[in-house]
Amino acid sequence: MNRVAVVSFAQAPNVRETHGTTNGVEMLVPIIREALGKANLAKQGVGFWCSGSSDYLAGRAFSFIAAVDAIGAFPPIHESHVEADAAWALFEAWVKIRTGEVDTALVYGFGKSSAGQLRRVLAMQLDPYTVAPLWPDAVSVAGLQARLGIDRGLWSEADMAAVAARARAANPDAQIHEAVTAEELLRRPYVANPLRRHDCAPVTDGAAVVVLAGGDRARELCARPAWITGIAHRVESAHLGARDLVTSPSTVAAAKDVGTDGVTLAELHAPFSHQEILLRHALGFGDEVTVNPSGGPLAGNPMFAAGLARIGEAATRLRGGQRALAHATSGPALQQNLVCVLEAD
């Protein structure tokens, strides 16, 4: 089977609110052009297009069809879509290339989170019979998870503040950038005890694009491809009471499938500060692994693009001989998790 590599990555600025439509076209047009340009690839050279988004977030049925306007009507394309973070669209594109059906693919994800009340919209992913009708918001659900971990001694509010302080200081180009100490953050008010505002990913409008290529084609398009040496995902029960919220067996299983030995850099899709701690433990990462040098979701979290962006961010930071891990999550309280390991020659 063909080896597959990330050969190009581009993302729209992560901002609190855009004035474009909910179909993402305005965000996608410039970054699709940028990603193709970086790979010296024309539209007709793309064998497969795959996107990730959500009709619930967009507030319209088949919103991803309208997003295809960003690609254009000609030449005709081979296109697919997942109702999930575009990291799962990348998995579909990876399979297409691995099986030899195509040798190139462009994956994109987008989300205009500012279009509605995001905390309320995300209640729609909960059990539709017993939980969703109660409308528990996403931050409150994460607060329950954070409190469970504190009560079990797995992390503390100080540990969470340290994660948030590092994330906020990491990237001057991120949506959230602030030089602040953990002690200062701990003096700020709660939004859902034990979570403070800095413990939660901000509401973000944004989009991301990744170009994949296989085998020799990857070397033609990129001087140093980021080879995907393993990718896997697992899902757990959607019922919050049916799983232990302070462990992540799906992450453990996916990581076991791809192998994490030698990883020195990781981009983790942790929308809440305590979830980064939980994921580090599940992946067995200590201080030898640099986590979220981009700032991660706590510095900017475009829905349905943030997981794909973790793969792109990890790929662009790879150095020769280095191994990096990218992680994406979907569903409430880390319900579904994808792990991708990349290497540079």
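1. Structural notes on the pairing of strand β8 (residues 226-235)
Here is step 1: Where strand β1 (residues 4-11) and β8 come together, two bridges link them in antiparallel fashion. Along β8, the bridge assignment pairs V6 with A226.
Here is step 2: Strand direction decides the pairing type here: β8 and strand β12 (residues 336-344), joined by nine bridges, are antiparallel. Along β12, the bridge assignment pairs W227 with E343.

2. Brief notes about the side chain of S250
Here is step 1: Its place among the elements puts S250 in helix α10 (residues 249-258).
Here is step 2: Among the polar contacts made by the side chain of S250, one reaches the side chain of N337 at a distance of 2.8 Å.
Here is step 3: If near-sequence neighbours (up to four positions away) are discounted, S250 is found in contact with R234, V235, E236, L334, Q335 and N337.

3. A few points about the environment of L265
Here is step 1: Mapped onto the elements of the fold, L265 is located in strand β9 (residues 263-267).
Here is step 2: Exposure remark for L265: the relative accessible area of 8% places this residue in the buried category.
Here is step 3: Spatially, the C-alpha atoms of L265 and H239 are 32 Å apart, while their sequence positions differ by 26 residues.
Here is step 4: Excluding anything up to four places from it in sequence, L265 contacts V289, T290, P293, A314, R317, Q322, R323, A324 and L325.

4. Comments concerning the packing of helix α7 (residues 157-170) against helix α11 (residues 273-283)
Here is step 1: Between α7 and α11, the least distance of the axes is 8 Å, while the angle of their chain directions is 100°. In terms of orientation, α7 and α11 fall into the roughly perpendicular class. Contacts between α7 and α11 pair D159, M160, V163 and R166 from the former with S273, H274, E276, I277 and R280 from the latter.
Here is step 2: Each residue belonging to the contact of α7 with α11 can be placed in one class, and the counts come to three nonpolar, two polar and four charged.

5. Some words on the packing of aromatic side chains
Here is step 1: Scanning the entire structure with this criterion turns up two aromatic pairs.
Here is step 2: Ring centres 6.3 Å apart and planes at 50° place the aromatic pair F62 and F64 in the tilted group.
Here is step 3: For F62, a relative accessible area of 58% puts it in the exposed group.
Here is step 4: Relative accessible area serves as the criterion here: at 15%, F64 is assigned to the buried category.
Here is step 5: Centre to centre, the rings of F91 and W94 are 5.6 Å apart; their planes meet at 40°, and the pair counts as tilted. Remark: W94 and F91 occur in helix α4 (residues 86-98); sequence separation between them is three residues, near one turn of the helix.
Here is step 6: The class for F91 is partly exposed, based on a relative accessible area of 22%.
Here is step 7: Taking the ring centre of F48 as reference, the NZ or CZ of K96 above it sits at 5.1 Å.
Here is step 8: Against the face of W135 rests R120, its NZ or CZ located 4.1 Å from the ring centre.

Thresholds, definitions, all that
- Residues numbered from 1 in each chain as written.
- Predicted model: local features only at pLDDT ≥ 70, side-chain atom pairs only at ≥ 80, totals over all residues.
- Heavy atoms only, no water.
- Pairing = 2+ DSSP bridges.
- Helix = DSSP H or I, 4+ residues; strand = E, 2+ residues; numbered from the N terminus.
- Polar contact = N/O pair within 3.5 Å; in protein donor to acceptor, adjacent residues only side chain to side chain.
- Contact = heavy atoms within 4.5 Å.
- Buried < 20%, exposed > 50% of the residue type's maximum accessible area, 1.4 Å probe, protein only.
- Axes fitted to C-alpha atoms, helices over the stretch in contact; angles between N-to-C directions.
- Parallel < 35°, antiparallel > 145°, perpendicular 65-115°, else oblique.
- Nonpolar A, V, L, I, M, F, W, Y, C, P; charged D, E, K, R; others polar.
- Phe/Tyr/Trp six-rings, centres within 6.5 Å; stacked < 30°, edge-to-face > 60°.
- Lys NZ or Arg CZ within 6 Å of the ring centre and 35° of its normal.

Function cannot be read off these values alone, since they describe shape.
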